[in-house]
Amino acid sequence: MTTTPEKAGTQGAVETVSVTIDGVQVDVPKDTLVIRAAEQIGVQIPRFCDHPLLAPAGACRQCLVEVPDAGNGRGFPKPQASCTLPVADGMVVNTQATSESADKAQQGVMEFLLINHPLDCPVCDKGGECPLQNQAMSNGRGESRFVGSGSGGVKRTFPKPINLSPQVLLDRERCIVCQRCTRFAEEIPGDPFIALVERGAQQQIGIAENAPFLSYFAGNTIQICPVGALTSESYRFRSRPFDLVSTPAVAEHDACGSAIRVDHRRGKVMRRLAGNDPEVNEEWITDKDRFAFTYATEPDRLTYPQVRDAGGALRPASWPEAFSVAARGLADARAAGGVGVLTGGRLTGEDAYAYSKFARVALGTNDIDFRARPHSAEEADFLAAHVVATGPDGPAGGSVTYGDLESAATVVLVGFEPEDEAGAIFLRLRKAALHSGTRVLSIAPFTTRGLSKMHGTLIPTAPGDEPGAISSLLGHAEHGVDATSVILVGERLATVPGAFSAVADLVAKSGARVAWVPRRAGDRGALETGCLPTLLPGGRPVADAQARVDAATAWGVDSLPEKAGRDGDAIVAALGAGELAGLVIGGVDPADTADPAATTAAIERARFVVALDVRASDVTRAADVVFPVAPVVDKAGTYVNWEGRPRPFEAVLGAPSSLPDLRVLAGIAEELGATLGFRTVAEVWSQMEDIGPWDGARATMTPVSAPTKDPLGDPAEGLLLSTWKQLLDQGTMQAGDKHLAATARPAVAKVGRTVYDALGPTVTLTGERGSVTLPAEPVDDMVDGVVWVPSNSSGLGLLTDLAPPGARLTISGGDA
Amino acid sequence: MSDVDTLTPVLTKDWGTDRSWTLPVYESRGGYASLKKALTMAQDDIIAAVKDSGLRGRGGAGFPTGMKWSFIPQDNPKPKYLVVNADESEPGTCKDTPLMMASPHVLVEGVIISSFAIRANTAFIYIRGEILHVIRRVQAAVAEAYAAGHLGTNIHGSGYDLDIVVHAGAGAYICGEETALLEGLEGRRGQPRLRPPFPAVAGLYASPTVINNVESIASVPSIIEHGAEWFASMGTEKSKGYGIFSLSGHVTRPGQYEAPLGITLRELIGLSGGMREGHQLKFWTPGGSSTPLLTDEHLDLPLDFEGMAGAGTMLGTRAIQLFDETTCVVRAVLRWTEFYKHESCGKCTPCREGTWWLVQTLAAIERGEGSEADLDLLLDQCENILGRSFCALGDGATSPISSSIQYFRDEYVAHLTHGGCPLDPAASTVWGSSLTRSGA
């Protein structure tokens, strides 16, 4: 028998056993379940409760097989459930393919399953893709004996349907109580808010009173339901599976790179499902990845270019006119001080590359930054020294992968809350903690629900105090970090001076491996393609003359700007001060930036602004030329996930008038007389492959020392603000699905018990930019002197309404 | 042979004594002497004695008790537990309830000796939730035992510690299934667990656990007191010792008859004063409704594990329900089937859906609706449940149906041809003579 060699074999030989299934001998790893061993020889045993990523249950009994020899010469007298039976050497199994008794057992179970099932396939959303329907055809009898038996069978019925959550609905009469959903909820995300209730034929899935199924991963239960019992408000009764076209894609809502499947009909996305990528998201996605796609069809979607006319109002324009007006304006601005480029997180790698090249070649500047959020030069240094141009197969060698999270002895989270900020990492870490004994440590001000679900340990740390906490891990008696550890650093750490330096120091001294996890899907790709003032594509440092020459040669230009550019904050400041005259901006929401008022003012103040966006916003309304660009569903591209793994995808919908950013930038560049050499995604990809990663010396990091002052300072001065964005909040890419929005966690201020007891259930927080009043929630282990508030779940967002992270706030009870 | 020679009262011997459930009375009649003896014995010798006695599980399955104890891996660092299954819920079964009411201390003493043998420091008695009076009595007995130093730390200076927790079930037949019982004891929904791992390896709180029936554990003090040979001298070759036979139904003196295994039903009926006046035995269950029923052909079979297996049924819990010729077998079987439908936990398809369907088919036949083909359908449904369900509850649900059709097919057919039950349902009741259609 020929075997395919394992990928770069590092693991020891797996012990195999030999079994005979339907007369065919097959070698499978020890402890393989019979149902999966049968798949190896191409025999599909029908099943409902079985799921390869869930623990065996043996509940539905559909997968019964005959076992004439259990490997010890004796057979089982009764048919056995193949989903719970591990193989044994010498075992003989006869499935429905060769055994009449197995076939009869399966037909009998199928008949039972159908007696209380409504058989309403013609009106059921699952009809056409239903495991029950399909297997009733393949392994059941054509006619039911139930209706003809006795005085005519009476089915059990339930009132239709009930809401398990604002998004997930349950039609109980369709349910075959296989427990896939309840097992998923308990085993995978650790949100056991659904459970079996009642017994016998009345047994059903239920929720506790006032405790709906509010899991960030609830939608997965709909996908793994083998019948039509679970449906979503968003998709229920919308379409038939056989009318849908399915296209594989990559989720655009976080840096996980989760594989998804987009189902669309006549040019409209109807739903999204989890793809199956064992190395990345396995078969699970967040509800945001699943349900948040309607933003692309909101009424404020831009569909034609606009230019500002003489009267100061935006008017529709043709593409050629818009290109030429934009080019003229940018040329003037370039001459009058320069043009900055600000990009946001929605960009694909190819689009980011186009901005990067456009800035250098067409605008002659390094004033470009993808970090539309609070950032720092220390962070850029860290990214250049430790992150860029690494990847699972990168030249710098194996970066941290999902698989590494499972094999790591310890994973340290700093500035990073996986359940909110990277769902697939959360699920993988929970799996690692439960099944591989991985210890999760979190440097944060309190134990989040996510951390508890990962059985993690809190290293209580006030905002600003992270550098000390990071350094303390070296040789720590209880939770020391060594070469078997992985450190996951969130982008939020940029707000803490000295934190990235402390991480770099810890990594150097302990040998631990580090990965940077941004929130947005496009951030890592933008880093790789040089959307930073200090980096050119492929991690080429701007400061390195050789690297500049290398890039210039690849691009066929004489030289590239030598001067390190301004970062995002500096671009905003320079625009505000009139030092920069123009701005190219794509996918940036000023409310996300460190100083929203300053960013908005800078856009107002800039002499000439070109905006590229999917939907109208305050930025596009203030721009001089507005280009509509394609949402991700309309274009091909590549995201680079947090591992550094490229995640390419094809366009889902073919919309000829929906152009990617790179095509718009190419058009402007041509008018500017600086050809970028591409017009399509494929052409950009081929340029990116040609230029490749930098093989010269990596940039090194200049350590920044943490401020020596105790960040807690004088408690009388108020509370320190800890904040991050919750998975579901007011983000623009979640617009248009009210059911999804209703499952978001509400905006609450989390405070220590003493603060709560002193101030009561409502608090008003006041910072340098304003006040917010929110319900308060006591947290037992909140670090003294800290309050946590979600960044974008209320008002215009905290950066606009309250203060930047780590700032001091005053707090008072009730409405101030 | 006289009555007295036939019966072997051991567990039941004090039931008639005044205030037999109290500690002083129990001790005055030799109670807790076995405990004191056991505490001087090597623990493995106790296990060996129980093994040698041939005691087999009295909860129905008949698994050798001593062998079960020896499966406990003593090198496992986790705590060991003894769990007593007192969730007596099988229709017809009524031996553990009176035992715990009349003689709770023999159970408590058995628990202590058994726990000592398997090195358990915590034991649980899981009592059916509906029998509150029994729960109170066992709780009181446990409290008395603590007060007398039979329980707690350093029991009688032996250095051995034991706590007993009396746990009330929440009213589910399925919790008599040992793994569902463990789920319930852990505070979860009572549904059977996947095996392996077996409870001996990973039972209660994933620790090595022995689960035994009340009567099995209550038999242990007598084995320690009189020795394994004494116990093994009673009964038959492979079914040794004595057991409580619970006679109910149409006999003159229903009740508990403690006798060696292997006694025949004819002897037991004789002991209980015969069938009720003027009537003859029609059918009977050897060990509760889950055991295939038998008829008057089987009066002389030995009531032991092998004898019953030979007749295609099971000894079960020795809950002998006797029905005379006034009883409609279809009606009796329908009532049992309704019980199984009501008690099916819902976990697996064959039991959950099968019992739902069986009741409908049977009910129609009882009303005289349907056709003879429905009898074959019933048998096919039973075949599709038996051995296909997750636990034995599904198997039990099919037993009365398939066995009754085997022996009384004509009576089923008569319902269909008669357009309903051909028998007078009132005639089978105790007040039947005043209510029968003919007598009214």
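Conventions we followed
Residues numbered from 1 in each chain as written. Chains lettered and ligands numbered in written order. Predicted model: local features only at pLDDT ≥ 70, side-chain atom pairs only at ≥ 80, totals over all residues. Helix = DSSP H or I, 4+ residues; strand = E, 2+ residues; numbered from the N terminus. Rg over C-alpha atoms; globule rule 2.2 N^0.38 Å. Buried ≥ 20, exposed ≤ 12 C-beta atoms within 10 Å, placed from the backbone. Contact = placed C-beta atoms within 7 Å. Nonpolar A, V, L, I, M, F, W, Y, C, P; charged D, E, K, R; others polar. Axes fitted to C-alpha atoms, helices over the stretch in contact; angles between N-to-C directions. Parallel < 35°, antiparallel > 145°, perpendicular 65-115°, else oblique. Left-handed = near helix turned anticlockwise from the far one by under 90°. Pairing = 2+ DSSP bridges. pLDDT = per-residue confidence, 0-100. Domains from an automatic or database assignment. Expected span 1.5 Å × (residues − 1). Arc of directions from axis to C-beta.

**Student:** I would appreciate a short explanation of the overall build of chain B in the present structure.
**Tutor:** Of regular secondary structure, chain B possesses 19 helices and nine strands. In terms of overall dimensions, chain B is globule-like: its C-alpha atoms have a radius of gyration of 22 Å, near the 22 Å expected for 440 residues. In terms of overall dimensions, chain B has C-alpha extents of about 75 × 50 × 40 Å along its principal axes. Put simply, chain B has 440 residues, and 56% of those count as buried.

**Student:** Can you walk me through the overall build of chain A in this structure?
**Tutor:** Secondary structure assignment for chain A yields 25 helices and 35 strands. The C-alpha radius of gyration computed for chain A amounts to 29 Å, which stays within 12% of the reference 28 Å derived for 816 residues, consistent with globular compactness. Projected onto its principal axes, the C-alpha coordinates of chain A cover approximately 90 × 60 × 55 Å. Burial status across chain A gives 57% buried among its 816 residues.

**Student:** Just to check I follow, could you spell out the interface of chain B and chain A for this structure?
**Tutor:** The figure often quoted for interface size is the accessible area lost as the parts come together. Contacts between chain B and chain A engage 30 residues on the former and 30 residues on the latter. The element that contributes the greatest number of residues to the side of chain B that touches chain A is helix α16 (residues 349–366) of chain B, accounting for twelve residues. Looking at the side of chain B that touches chain A, its residues break down into eleven nonpolar, eleven polar and eight charged.

**Student:** I tried to follow unusual backbone geometry on my own but got confused; where do I start?
**Tutor:** Peptide bonds are, in most cases, trans, and in most cases residues other than glycine have a negative phi. Residues and elements named next belong to chain B. Cis geometry is adopted by the peptide bond preceding P196, which originates at R195 and carries an omega value of -10°. In this fold, P196 is placed in the loop between α9 (178–185) and α10 (199–202). For the bond running from P196 to P197, omega is 5°, close enough to zero to count as cis. Here P197 lies in the loop between α9 and α10. Even without being a glycine, Y205 presents a positive backbone phi close to 50°. Looking at the secondary structure, you find Y205 in the loop between α10 and β4 (209–213). Owing to 13 C-beta atoms within 10 Å, Y205 belongs among the partly exposed residues under this scheme.

**Student:** Looking at this model, I keep getting lost on the packing of helix α17 (residues 373–385) of chain B against helix α18 (residues 392–418) of chain B. Mind explaining?
**Tutor:** Packed helices, taken two at a time, are described by the angle their axes make and the gap between the axes. Residues and elements named next belong to chain B. Put simply, α17 and α18 touch, their axes get as near as 9 Å, and they point 155° apart. With respect to α18, the element α17 is oriented roughly antiparallel. Handedness of the crossing formed by α17 with α18: left-handed. Listed contacts from α18 to L375, L378, L379, C382 and I385 of α17 are G394, A397, T398, I401, S402, I405, R409 and Y412. Across the contact of α17 with α18, the residue classes tally to nine nonpolar, three polar and one charged.

**Student:** Could you clarify how one ought to interpret the sheet that holds strand β20 (residues 457–460) of chain A in this entry?
**Tutor:** In a beta sheet, neighbouring strands are held together by backbone hydrogen bonds and run either parallel or antiparallel to one another. Residue and element names in this part refer to chain A. With parallel pairing, the five strands of this open sheet are ordered in space as β20-β19-β18-β21-β22. In this open sheet, the two strands that pair with only one neighbour each are β20 and β22 (513–517). Between one strand axis and the next, the sheet turns by 20° as a mean value, whatever way the strands run. Pairing analysis gives five bridges linking strand β21 (residues 485–490) to β22, with the strands arranged parallel. By the bridge assignment, V486 is partnered in β22 with R513.

**Student:** What's the story with the confidence of the model for chain B in this structure? I'm lost.
**Tutor:** The predicted coordinates of low-pLDDT regions are not to be read in fine detail. Predicted confidence across chain B gives a mean pLDDT of 95, with 97% of residues reaching 70 or more. Of the two predicted TM-score estimates for the complex, the pTM is 0.95 and the ipTM is 0.95.

**Student:** For this particular structure, what's the right way to read the domain arrangement of chain A?
**Tutor:** Segmenting chain A into domains produces domain 1 (35–115), domain 2 (156–297), domain 3 (319–373 + 524–691), domain 4 (377–518) and domain 5 (715–813). Taking only C-alpha atoms into account, the centre of domain 1 of chain A sits 53 Å from that of domain 5 of chain A.

**Student:** Would you mind showing me how to read the domain arrangement of chain B here?
**Tutor:** Residue and element names in this part refer to chain B. Examined at the domain level, chain B breaks down into domain 1 (3–232), domain 2 (242–321) and domain 3 (329–427). The centre of domain 2, based on its C-alpha atoms, is set 22 Å off from the matching centre of domain 3. On the side of domain 3, nine residues touch domain 2, which itself brings seven residues to the contact. Split into classes, the residues belonging to the side of domain 2 that touches domain 3 amount to three nonpolar, four polar and no charged.

**Student:** How do you make sense of the pairing of strand β25 (residues 582–586) of chain A when you look at a structure like this?
**Tutor:** Working note: regular strand, side chains alternate between the two faces of the sheet. All names here are of chain A. Buried residues dominate β25, accounting for five of its five residues. In β25, alternate side chains face the same way, and those of G582, V584 and G586 on one face and L583 and I585 on the other are all buried. As paired strands, strand β16 (residues 339–343) and β25 are joined by five bridges and run parallel to one another. Each bridged residue has a counterpart across the sheet, and for T343 the counterpart in β25 is G586. As paired elements, β25 and strand β26 (residues 608–613) share five bridges and run parallel to each other.

**Student:** I tried to follow α17(B) on my own but got confused; where do I start?
**Tutor:** Because the α-helix completes a turn every 3.6 residues, residues three or four places apart line up on one side. In this model α17(B) runs 19 Å from its N-terminal to its C-terminal C-alpha over 13 residues, within 8% of the 18 Å that 1.5 Å per residue would give. Turning to α17(B), the residues buried within the fold contact α2 (100–115) of chain A together with α16 and α18 of chain B. Taken from the residues just after α17(B), G387(B) is the one with a positive phi, measuring 80°.

**Student:** For this particular structure, what's the right way to read helix α19 (residues 596–605) of chain A?
**Tutor:** Every buried residue of α19(A) is accounted for by P596(A), T599(A), A602(A) and I603(A). When α19(A) is viewed along its axis, its buried side chains cluster within an angular range of 125° and face the same direction.

**Student:** Mind showing me how you'd approach the environment of D44(B) here?
**Tutor:** Residue and element names in this part refer to chain B. Topologically, D44 is positioned in helix α4 (residues 43–53). On the basis of neighbour counts, which here come to 12 C-beta atoms within 10 Å, the residue D44 falls in the exposed class. Between the C-alpha atom of D44 and that of S70, which follows or precedes it by 26 residues, the distance is 8.6 Å.

**Student:** Explanation requested: the sheet that holds strand β5 (residues 92–94) of chain A in the structure shown.
**Tutor:** All names here are of chain A. Read across the sheet, five strands follow the order β2-β1-β5-β3-β4 without closing on themselves; strand pairing throughout is mixed. Sheet topology places β2 (24–29) and β4 (80–81) at the edges, where each strand pairs with a single neighbour. Sheet topology places strand β1 (residues 16–21) next to β5; two bridges connect them, and they run parallel. Each bridged residue has a counterpart across the sheet, and for I21 the counterpart in β5 is V93. Against the sheet, α2 engages β3 (64–69) and β5, with an angle of about 155° to β3.

**Student:** Would you take a moment to explain the packing of α4(B) against helix α11 (residues 214–226) of chain B for this structure?
**Tutor:** Residues and elements named next belong to chain B. Orientation of α4 relative to α11, taken along the N-to-C sense of each, is 100°, at an axis distance of 10 Å. With respect to α11, the element α4 is oriented roughly perpendicular. Taking contact as the criterion, the partners of I46, A49, V50 and S53 in α4 are, on α11, V220, I223 and I224.

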